[in-house]
Amino acid sequence: MSYRKTRVRMPRALAALASAAILALLLLPSQAAAGLNIVATTATLGALAREIGGDEAEVRVLAPPDRDAHDLDARPSFMAALRRADMLLEIGAGLEEGWLPAAQRGARNRTINSGQPGHFRAADMIELRHSITMDGPNMGHAHEEGNPHFNGDPRRLADIALALAERMGNLRPDHAATFMERGERTAERLRDHAEALAEQVEPGQRIVVYHEDLDYLEEWLPVEIVGYLEPAPGIPPTARHLRSLVSDLEGTEGTVLYAAFQPARGAEFLERNLGWTSHAVPLDPPADSSLDGYLELMTTWAETLPRQ
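What you see is a predicted model; the values in this text were computed from it and never measured.

Conventions we followed
Residues numbered from 1 in each chain as written. Predicted model: local features only at pLDDT ≥ 70, side-chain atom pairs only at ≥ 80, totals over all residues. Heavy atoms only, no water. Helix = DSSP H or I, 4+ residues; strand = E, 2+ residues; numbered from the N terminus. Polar contact = N/O pair within 3.5 Å; in protein donor to acceptor, adjacent residues only side chain to side chain. Contact = heavy atoms within 4.5 Å. Pairing = 2+ DSSP bridges. Axes fitted to C-alpha atoms, helices over the stretch in contact; angles between N-to-C directions. Buried < 20%, exposed > 50% of the residue type's maximum accessible area, 1.4 Å probe, protein only. Patch = residues over 30% accessible without salt bridge, like charges linked within 9 Å, V, L, I, M, F, W, Y side chains within 5 Å. Areas by Shrake-Rupley, 256 points an atom, 1.4 Å probe, with all protein chains shown as cover. Salt bridge = Lys/Arg side-chain N within 4 Å of Asp/Glu carboxyl O. Lys, Arg positive; Asp, Glu negative; His and termini not counted. Charge placed at Lys NZ, Arg CZ, Asp CG, Glu CD.

A. Inspection of the side chain of Asn 147 at higher detail. By the element assignment, Asn 147 lies in the loop between strand 4 (119–121) and helix 6 (154–171). A polar atom in the side chain of Asn 147 sits 2.8 Å from the backbone nitrogen of His 149. Ignoring any residue separated from it by four or fewer positions in sequence, one finds Asn 147 in contact with Leu 128, Arg 129, His 130, Ser 131, Glu 212, Asp 215 and Tyr 216.

B. Layout of the sheet that holds strand 6 (residues 223–228). Sheet architecture is open: four strands sit in the order 6-5-7-8, paired in parallel fashion. Looking along the sheet, the strands with just one partner apiece sit at the ends: strand 6 and strand 8 (277–281). Neighbour-to-neighbour, the strand axes of this sheet turn through a mean angle of 30 degrees, independent of strand direction. Looking at chain direction, strand 7 (residues 255–259) and strand 8 are connected through five bridges and run parallel. Following the sheet pairing, Leu 257 is matched in strand 8 by His 279.

C. Fine view of unusual backbone geometry. Despite not being glycine, Ala 93 shows a phi value in the positive range, around 55 degrees. In this structure, Ala 93 sits in the loop between strand 3 (87–90) and helix 5 (100–107). Overall, Ala 93 belongs to the buried group, its relative accessible area being 2%. The phi angle at Arg 108 is positive, at roughly 55 degrees, despite the residue not being glycine. Mapped onto the elements, Arg 108 comes out in the loop between helix 5 and strand 4. With a relative accessible area of 76%, Arg 108 lands in the exposed category.

D. How the structure looks around a negative patch on the surface. Taken together, the side chains of Glu 188, Asp 192, Glu 195 and Glu 199 present a region of like negative charge at the surface. Topologically, Glu 199 is positioned in helix 7 (residues 176–200). By relative accessible area, which is 52% here, Glu 199 ends up exposed.

E. How the structure looks around helix 3 (residues 43–53). For helix 3, the buried fraction is high: nine of the eleven residues fall into the buried class. Listed as buried for helix 3 are Ala 43, Thr 44, Leu 45, Gly 46, Ala 47, Leu 48, Ala 49, Ile 52 and Gly 53. Buried positions along helix 3 lie against strand 1 (36–40), strand 2 (57–61), strand 3, helix 6, helix 7 and helix 10 (291–303). Among the residues trailing helix 3, Gly 54 stands out with phi positive, at a value near 55 degrees.

See the structure below:
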């Protein structure tokens, strides 16, 4: 009889101990539990989130920095990442419209749906440049809200950093003061680095770019965009259009810039026929970057131009 009682009591005792242990683990303070799981569509937004979030945030970037963020697919891995996210950061203004809405629907995470506090649309925080897709033969994709490629403007990113720090603080009030302090420091570093680089570039530079994705360089560097390799947004360079550019720019000096994932043929044509230098440049820092990666990217852009 005593043997039977022992067999009955032991499992209950073990169950009680297990329950107590699990409860203790759940009640332990944990930075991971208090932090933010952030998914950013681009590496530039990811860099801001890492710099502001520090150890209180885990950041995943969806769009590889060597790919055009316009032209991605809503992959199952994107949906899985968004399903676990506390916060979604997107550029907005149509940049991710071809794939992000489908990924959001597939994730079935109401926290990061449009209009929710967990959904941060960076384009809503700043004034955008007018998009050339709204002028002339509008054959490519149209950006009715404005040019969404503001990742090329550190001063606009400074404003976004402040807005992002405030939103992150709203979601995690215990860390709000820390997030805001880091956001202010991030904004200051972006503005200071932009000013320092602009002073090193020889004034009055003329540049031709592939698409409007580098237009924002005009906002903080002493450059003027005088042409595009695309005859219309989203349309690859044609021989006729390239010959027209050579005719218009003959006898002048300048630089041709294009994204590393864009074809080099048009830039090489201008280099041969105008004597301009051409450079393939990244549009975003490495996917795992913090702010230092973006500051290095700014330096890369500026160093393609003649210096004082």
